[in-house]
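The primary structure of each chain is shown beneath.
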Amino acid sequence: MLINFKDNFFGGTRSNRFRVDGDFPTGGGFTDFHVRATTVPSVATKTISYDYFGRKLHYPGEKEYGTWSFQAWDDVGENNIWGQIQKWQDYINDHDTNRSAQFPTNYKADNWRIQHLDLNGDQNAPMKEFRLYGCWPAGIQQVTLNMGSPNTLNSFNVIIVFDYIEIKDVTKRL
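Treat the numbers as computed from the prediction; the structure is a model and nothing was measured.

Criteria and thresholds
Residues numbered from 1 in each chain as written. Predicted model: local features only at pLDDT ≥ 70, side-chain atom pairs only at ≥ 80, totals over all residues. Heavy atoms only, no water. Helix = DSSP H or I, 4+ residues; strand = E, 2+ residues; numbered from the N terminus. Polar contact = N/O pair within 3.5 Å; in protein donor to acceptor, adjacent residues only side chain to side chain. Contact = heavy atoms within 4.5 Å. Phe/Tyr/Trp six-rings, centres within 6.5 Å; stacked < 30°, edge-to-face > 60°. Buried < 20%, exposed > 50% of the residue type's maximum accessible area, 1.4 Å probe, protein only. Salt bridge = Lys/Arg side-chain N within 4 Å of Asp/Glu carboxyl O. Core = buried A, V, L, I, M, F, W, Y, C linked by side-chain atoms within 4.5 Å. Patch = residues over 30% accessible without salt bridge, like charges linked within 9 Å, V, L, I, M, F, W, Y side chains within 5 Å. Areas by Shrake-Rupley, 256 points an atom, 1.4 Å probe, with all protein chains shown as cover.

Novice: Please explain the side chain of Arg-131 as it appears in this structure.
Specialist: Among the structural elements, Arg-131 can be located in strand β8 (residues 128-133). Within the structure, the side chain of Arg-131 is placed 3.2 Å from the side chain of Glu-129, a separation counted as a polar contact. Not counting chain neighbours up to four residues away, the residues in contact with Arg-131 comprise Asn-111, Trp-112, Arg-113, Tyr-164, Ile-165, Glu-166 and Lys-168.

Novice: Help me understand the environment of Phe-24 in this model?
Specialist: With respect to the helices and strands, Phe-24 occurs in the loop between β1 (18-23) and β2 (29-30). Each C-alpha atom, one on Phe-24 and one on Cys-135, is 9.2 Å from the other, the two residues being 111 residues apart in sequence.

Novice: Explanation requested: the packing of aromatic side chains in the structure shown.
Specialist: Between two aromatic rings, the relevant description is the distance of the centres plus the angle of the planes. Counted under the stated rule, the structure contains eleven aromatic pairs. Centroid distance Phe-24 to Trp-88: 5.4 Å. Interplanar angle 55°. Geometry classified as tilted. Residue Phe-24 is located in the loop between β1 and β2, and its partner Trp-88 is located in helix α2 (residues 81-92); the two are separated by 64 residues in the primary sequence. Relative accessible area serves as the criterion here: at 0%, Trp-88 is assigned to the buried category. Seen from their ring centres, Tyr-133 and Tyr-164 are 4.8 Å apart, and the 15° between their planes marks the pair as stacked. Linking Tyr-133 in strand β8 with Tyr-164 in strand β11 (residues 164-167), this pair joins segments that are 31 residues apart in sequence. Here the aromatic residues Phe-24, Trp-68, Phe-70, Trp-88 and Trp-112 are joined through ring pairs into a cluster of three or more.

Novice: Sorry if this is basic, but what is going on with the pattern of salt bridges here?
Specialist: A side chain with one charge can pair with a side chain of the opposite charge if their charged atoms come near. All chains considered together, the criterion is met by seven salt bridges. Its salt-bridge partner being Arg-113, residue Asp-21 comes within 2.7 Å of it at the nearest N-O pair. With Asp-21 in strand β1 and Arg-113 in strand β7 (residues 112-116), the pair connects residues that are 92 residues apart, well separated along the chain. Taking the relative accessible area as the measure of exposure, Arg-113 reaches 19% and is therefore buried. Between Lys-108 and Asp-163 there is a salt bridge, and its shortest N-O distance comes to 2.8 Å. With Lys-108 in the loop between α2 and β7 and Asp-163 in the loop between β10 (155-161) and β11, the pair connects residues that are 55 residues apart, well separated along the chain.

Novice: Would you mind going over the nonpolar core with me for this structure?
Specialist: Soluble, globular proteins show a tendency: their nonpolar side chains are buried together. Core analysis: the biggest nonpolar cluster contains 23 residues, and Trp-68, Phe-70, Ile-85, Trp-112, Leu-132, Cys-135 and Ile-160 have the highest contact counts within it. In terms of residues, this core owes the most to one element, α2, which gives four residues. Those residues within four positions of Cys-135 in sequence are excluded, and the remaining contacts are Trp-88, Tyr-107, Lys-108, Ala-109, Trp-112, Ile-160, Val-161 and Phe-162.

Novice: Would you take a moment to explain a nonpolar patch on the surface for this structure?
Specialist: On the surface, a nonpolar cluster with roughly 660 Å² of combined accessible area is contributed by Ile-48, Tyr-50, Tyr-52, Phe-53, Leu-57 and Tyr-59. Looking at the nonpolar patch, the elements with two or more residues in it are β4 (43-52) and β5 (55-65). Relative to the helices and strands, Tyr-52 is located in strand β4.

The following block contains the structure:
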């Protein structure tokens with residue numbers, strides 16, 4: 001049994017080999033070192049059910065996308081991610097005026113990319129690549145401040161809604 005496993009398992013993938021990049025409609029963007037953790041968004045096919053002679057027949061329906069989230073480092077400086085995403089949310093709906101600068105147009109970002117990299121971290125030949133279109137931040141979760149956590153970098157989670165996902169054909173590499 002062990003020999004069969006070793007012959008049919010080729011090392012698996014690593015969860016810490018990834019890259020995320022994208023641009024904001026308000027200008028600026030981020031580089032992959034700003035993102036601490038992420039997930040690949042969920043994609044489901046809804047089921048359409050019909051009654052047929054006392055049985056349920058099931059057919060595939062529309063695609064349904066979950067939200068996508070990532071955890072970012074709470075960086076400092078003019079182009080820090082927390083500030084950029086807050087600026088983006090203000091662009092959609094300002095905190096003070098409750099008005100939108102660009103809604104319903106130009107508030108979404110296209111071409112955000114998640115790459116799952118190989119063991120060597122080769123960004124030019126990812127094992128999996130996902131492109132998200134029509135992205136906008138639905139939520140910025142809290143930044144925890146705690147005097148009991150010295151020598152610790154802060155991070156926070158961002159929840160992104162998107163219109164659709166393109167899964168690049170990278171199976172040739174696998």
